[in-house]
Amino acid sequence: MKKLLSVLLLTAMTFSLAACGSTNEPAESADSGEGKGTGSIYYLNFKPEIAPVYEKIAEAYEAETGVKLNVVTAASGTYEQTLKSEMAKADAPTLFQINGPKGYASWKEYTADLSNTELYSHLTDKSLAVTDGDGVYGIPYVVEGYGIIYNNALINKYIALPGAKIASVDEINNFETLKAVVEDITAKKDELGIKGAFASTSLKPGEDWRWQTHLANVPVYYEFKNNNIDLASDATKEIKFEYAENYKNIFDLYINNSVTEPKLLGSKQVADSMAEFALGQCVFVQNGNWAWSQINEVAGNVVKPEDIKFMPIYTGMEGEENQGLCTGTENFYAINAKASEEDQKLAADFIYWLFSSETGKKFVVEELNFIAPFDTFTDAEKPSDPLAKEVIKWMEKEGTTSVAWNFTVFPNQTFKDNFGASLLQYAQGSMSWDDLVTKVVADWKTESSN
């Protein structure tokens, strides 16, 4: 999560265009090609760093369609406050954002059902949308993904050794196989010229977000999913940590087959882990597609872009052979249900234009720099870095279900920090696993009420 925010919130700047009331004249569909429409759209944007791009998008959209796009951008960290203020006005936003199920719960009466919109029909992984029953109330427009990054060249080098546990990396589709391969790689690390199977598990305080948030998301996702928990409800204020043993499976695999001894992990940072991977000292590292620059920019990097691949985080869950990467976002389009039908259509037409027209897609790829989760993009119109390409590949893989980002409902930073501290104590041998589980369950309940 910390890394996600560092990627999305780069610089705080504010861009504001006067919001004018929409007309009630229906516009021609933005993608119909049948002349130009009329009317205007008020869009409340929450990403200050891309406000200047939306100024250019607004000009291009009006030039192509005749429809005016009025954008107001909330200052960094003030979006919810600004949205409350703007929604109380007569000329309220027609297009706005929610941050997931919790955001939907707050704005439920204002979110129109988008299940019949053109943009939703092109969403490659519909499990990513914010839904309620048969309705769709938030469409993700930019995604990121994380999992286990691996060096395919080293995997192939391992496979060529006598007695390798697999003949192809595609055979690793569950925890049992992953464990067998990782432990065999550890046994053969001298032959492979590496220091460990996995990069160091960074457990220095403040550097442990990969474990207390991203890795913890996996068992929490399954607990909520298998118990049909409504993520927008108070049912998320408690967990049983039902799949704690599955978490332990993968965490133990990480720390016991690492470049660094478990008792020394308290000094390790994420940058150390990424450098170890980039320098070819290990085969695997858990991280997200944002890590491409961390790998590519390491001095002495020996890993070729074509050898950088992703696999899901397997923990021993039933049916995980069909599990994908942990893919998600905190960026969902919503359309104001209280706006007129004509204005709702104007908003739906605009977001489809942005992600389907030649002009719109050019902005998305070249200036917004989004991994857009829609099948309207050709291979030539998708991000070119290897990890982004892997995220897209896994999202589009038939029969595969992404693990949703349920960490958006984790209680708070105090809970995460406490969890990280407990993981370090466990790794160092000063806390039992049972005590860790008890503390996580208690802390979740306590911090959810704060």
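Rules and cut-offs
- Residues numbered from 1 in each chain as written.
- Predicted model: local features only at pLDDT ≥ 70, side-chain atom pairs only at ≥ 80, totals over all residues.
- Heavy atoms only, no water.
- Buried < 20%, exposed > 50% of the residue type's maximum accessible area, 1.4 Å probe, protein only.
- Helix = DSSP H or I, 4+ residues; strand = E, 2+ residues; numbered from the N terminus.
- Pairing = 2+ DSSP bridges.
- Core = buried A, V, L, I, M, F, W, Y, C linked by side-chain atoms within 4.5 Å.
- Domains from an automatic or database assignment.
- Contact = heavy atoms within 4.5 Å.
- Buried area = accessible area lost by both parts, 1.4 Å probe.
- Salt bridge = Lys/Arg side-chain N within 4 Å of Asp/Glu carboxyl O.
- Polar contact = N/O pair within 3.5 Å; in protein donor to acceptor, adjacent residues only side chain to side chain.
- Nonpolar A, V, L, I, M, F, W, Y, C, P; charged D, E, K, R; others polar.
- Disulfide = S-S within 2.5 Å.
- Axes fitted to C-alpha atoms, helices over the stretch in contact; angles between N-to-C directions.
- Parallel < 35°, antiparallel > 145°, perpendicular 65-115°, else oblique.

Caption draft 1: Representation of the pairing of strand 11 (residues 332-335) in the model. Side chains of strand 11 alternate between two faces, with Phe 332 and Ala 334 and Tyr 333 and Ile 335 buried alike. Pairing geometry for strand 3 (residues 95-98) and strand 11, over four bridges, is antiparallel. Bridging across to strand 11, Leu 95 finds its partner in Ile 335. Where strand 5 (residues 135-140) lies against strand 11, two bridges are found, and the strand directions are antiparallel. When the sheet's bridge partners are listed, Pro 140 is paired in strand 11 with Phe 332.

Caption draft 2: Structural view of the nonpolar core. Ranked by size, the top nonpolar core spans 92 residues in total, and within it Tyr 247 and Phe 284 carry the most contacts. No other element matches the nine residues that helix 9 (residues 209-226) contributes to this core. Taken together, domain 1 (40-143 + 329-377) and domain 2 (145-327 + 403-449) each give at least three residues to this core, which thus spans both. Core analysis: the next-biggest nonpolar cluster, separate from the first, contains 41 residues, Ile 139, Trp 353, Leu 354 and Phe 370 among them.

Caption draft 3: Here's a closer look at the domain arrangement of the protein. Here the domain parsing of the protein yields domain 1 (40-143 + 329-377) and domain 2 (145-327 + 403-449). Relative to domain 2, the C-alpha centre of domain 1 lies at a distance of 33 Å. The interface is formed by eight residues belonging to domain 1 together with nine residues belonging to domain 2. Interface area, domain 1 with domain 2, both sides summed: about 790 Å², of which 68% is carbon and sulfur. Per-residue buried area on domain 1 facing domain 2 is highest for Pro 101, Lys 102 and Thr 329; these three make up 52% of the total on that side. Taken together, the connections running from domain 1 to domain 2 amount to zero salt bridges. Applying the counting rule to domain 1 against domain 2 returns one residue pair in polar contact (both at pLDDT 80 or more). Among the residues making up the side of domain 1 that touches domain 2, the classes are represented as five nonpolar, one polar and two charged.

Caption draft 4: Broad picture of the state of the cysteines. Scanning the entire structure with this criterion turns up zero disulfides. Lacking any disulfide linkage, Cys 326 is separated from the closest cysteine sulfur, that of Cys 282, by 19 Å.

Caption draft 5: Looking closely at the packing of helix 9 against helix 16 (residues 413-428). Direction vectors running N to C along helix 9 and helix 16 enclose 100°, while the axes themselves pass 8 Å from each other. The orientation of helix 9 with respect to helix 16, classified from their angle, is roughly perpendicular. Contacts between helix 9 and helix 16 involve Trp 211, Gln 212, Thr 213 and Ala 216 from the former and Gln 413, Lys 416, Asp 417, Phe 419, Gly 420 and Leu 423 from the latter. Residues belonging to the contact of helix 9 with helix 16 are distributed by class as follows: four nonpolar, four polar and two charged.

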